[in-house]
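# Architecture and fold: a report
Here are the chains, one letter per residue:
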Amino acid sequence: MRRPLVAGNWKMHGTRASVAELIKGLRLLALPTGVEVAVFPPCLYINQVMTGLDGKAIAVGAQNCAVEPMQGALTGEIASSQLADAGCTLVLVGHSERRQILGESDELLSRKFAAAQSCGLTPVLCIGETLAQREAGKTLEVVGRQLGSVIEELGVGAFARAVIAYEPVWAIGTGLTATPEQAQEVHAAIRAQLQAENAEVARGVRILYGGSVKAANAVELFGMPDIDGGLIGGASLNADEFGAICRAAGN
Ligand code: 13P
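I will try to describe carefully the structure that is included in this document. These numbers were taken from a predicted model, which means no experiment stands behind them.

Calculation criteria
- Residues numbered from 1 in each chain as written.
- Predicted model: local features only at pLDDT ≥ 70, side-chain atom pairs only at ≥ 80, totals over all residues.
- Heavy atoms only, no water.
- Helix = DSSP H or I, 4+ residues; strand = E, 2+ residues; numbered from the N terminus.
- Buried < 20%, exposed > 50% of the residue type's maximum accessible area, 1.4 Å probe, protein only.
- Polar contact = N/O pair within 3.5 Å; in protein donor to acceptor, adjacent residues only side chain to side chain.
- Axes fitted to C-alpha atoms, helices over the stretch in contact; angles between N-to-C directions.
- Left-handed = near helix turned anticlockwise from the far one by under 90°.
- Contact = heavy atoms within 4.5 Å.
- Nonpolar A, V, L, I, M, F, W, Y, C, P; charged D, E, K, R; others polar.
- Pairing = 2+ DSSP bridges.
- Near = heavy atom within 4 Å.
- Areas by Shrake-Rupley, 256 points an atom, 1.4 Å probe, with all protein chains shown as cover.
- Core = buried A, V, L, I, M, F, W, Y, C linked by side-chain atoms within 4.5 Å.
- Phe/Tyr/Trp six-rings, centres within 6.5 Å; stacked < 30°, edge-to-face > 60°.
- Right-handed = clockwise from strand over helix to strand, strands pointing away.

Structurally, the position occupied by N217 is in helix α10 (residues 215–222). Take N217: its relative accessible area is 15%, and that puts it in the buried class. Separated by 3.1 Å, the side chains of N217 and T177 make a polar contact.

This is the structure:
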């Protein structure tokens, strides 16, 4: 049985004051025991969140890591070894905002994925198609290529210690959610791609759905057989809403 994971990606949101408020709200949540919960604050606030959530069963991750695993001369970047030192256990790799706005390539992302794993962090590989790609009938091809590039570089075994997040770009921050059936189709294809190389890895890997998940649509999405939780953007900035989504994963 795969343990569901609900992860909140705070993106570039927050101030010390608003983060303190959010921590307060998260501390009050009654979280379901069978669900793993994580938050990904901006790096600047990781320390504050780590301290603030001390003793609460919520893991803390980073939204990005450097291509180089160890500290060194790379201005403006943060090494996976430093994230691990700060207490992070997870890191997002290849969020569509970084792929699209910052031009991160599949090749670069494989290096970040490997860097994270070499420091004991669990990478959460984000993949997903744009609206134009979906409308052109290329969804499975695009997602298959994004996943395939990491498998090719690092081997399917790398996914024994990783999480995948399927986030259709057209559903991110738009209020448009993939239907449970649309999401399930892609999740099943992702698992089948892994299955073709290693059945055990395919069975064990958690595939999260992301894109306008709210408490109101979470139960239906999480009810699909290959959806193992969610990567939540906007709704994760509200502790009560986020808590309700976590509970939906426990049903
Ligand atoms: P929203 O939940 O705001 O659509 O964002 C999803 C996302 O990008 C999470 O990484």
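And the narrative resumes.
In this section: the packing of helix α7 (residues 139–154) against helix α8 (residues 180–195). Close contact between α7 and α8 brings their axes to 10 Å; oriented N to C, the two are set at 35 degrees. The interaxial crossing formed by α7 with α8 has right-handed handedness. Judged by residue contacts, T139, L140, V143, G144, L147, G148 and I151 of α7 engage E185, V186, A189, I190, Q193 and L194 from α8. Looking at side-chain class alone, the contact of α7 with α8 contains eight nonpolar, four polar and one charged residues.

For the rest of this paragraph, the subject is the sheet that holds strand β3 (residues 59–62). Here eight strands make up a closed barrel; going around it, the order is β1-β2-β3-β4-β5-β6-β7-β8 and the pairing parallel. In this sheet, adjacent strand axes meet at a mean angle of 25 degrees when their direction is disregarded. Two strands pair when backbone bridges link them, and strand β5 (residues 122–127) and strand β6 (residues 163–166) are joined in this way by four bridges, in the parallel orientation. What sits directly across from I127, in β6, is Y166. Each of β5 and β6 touches α7; the most contacted strand, β5, lies at about 155 degrees to it. The strands touched by helix α11 (residues 239–249) are β1 (5–9), β2 (36–40) and β8 (229–232); relative to β1, the strand with the most contacts, the crossing angle is about 160 degrees.

To continue, consider the site of the ligand. With respect to spatial proximity, the complete set of residues near the ligand consists of N9, K11, H95, E167, A171, I172, G173, G211, S212, L231, G233 and G234. N9 places a side-chain nitrogen or oxygen 3.0 Å from an oxygen atom of the ligand. Contact distances for the ligand include 2.6 Å between an oxygen atom and a backbone N or O atom of G173. Within the complex, 95% of the 310 Å² of free accessible area of the ligand lies under protein. Taken together, the residues that form the shell around the ligand break down as three nonpolar, seven polar and two charged.

Of all hydrophobic cores here, the largest spans 64 residues; its most connected members are L26, F159 and F222. Of all the elements, α11 adds the most residues to this core, at six residues. What F222 contacts, discounting residues up to four positions off in sequence, is V6, V213, I227, G229, G230, I245, A248 and A249. With twelve residues, the next largest nonpolar core counts A7, L92, C126 and L231 among its residues.

Aromatic rings considered in pairs are described by the distance between their centres and by the relative angle of their planes. Summed over the entire model, instances satisfying the criterion amount to two aromatic pairs. Taking 5.2 Å as the distance between ring centres and 50 degrees as the angle between the ring planes, the aromatic pair formed by F113 and F159 counts as tilted. Of this pair, F113 sits in helix α5 (residues 106–118) while F159 sits in the loop between α7 and β6, and the two are 46 residues apart along the sequence. A relative accessible area of 0% places F113 in the buried class.

A few words now on unusual backbone geometry. A negative phi angle characterises most non-glycine residues, just as the trans form characterises most peptide bonds. Not every positive phi belongs to a glycine, and K11 is a case in point at roughly 50 degrees. Despite not being glycine, S212 has its phi angle at roughly 55 degrees, a positive value. For S212, the position within the fold is in the loop between β7 (206–210) and α10.

Here S80 lies in helix α3 (residues 80–85). Leave out the neighbours within four places in its chain, and S80 touches C65, E68, P69, A115, A116, C119 and L121.

Residues L90 and L92 of strand β4 (residues 90–93) are buried on one face, and the alternating residues V91 and V93, pointing to the opposite face, are buried as well. Two strands pair when backbone bridges link them, and β3 and β4 are joined in this way by two bridges, in the parallel orientation. In the strand pairing of β4, G61 is matched with L90. Each parallel crossover has a hand, and for β3 linked through α3 to β4 it is right-handed. Relative to β5, β4 is paired through four bridges, and the arrangement is parallel. Bridged to V91 within β5 is P123.

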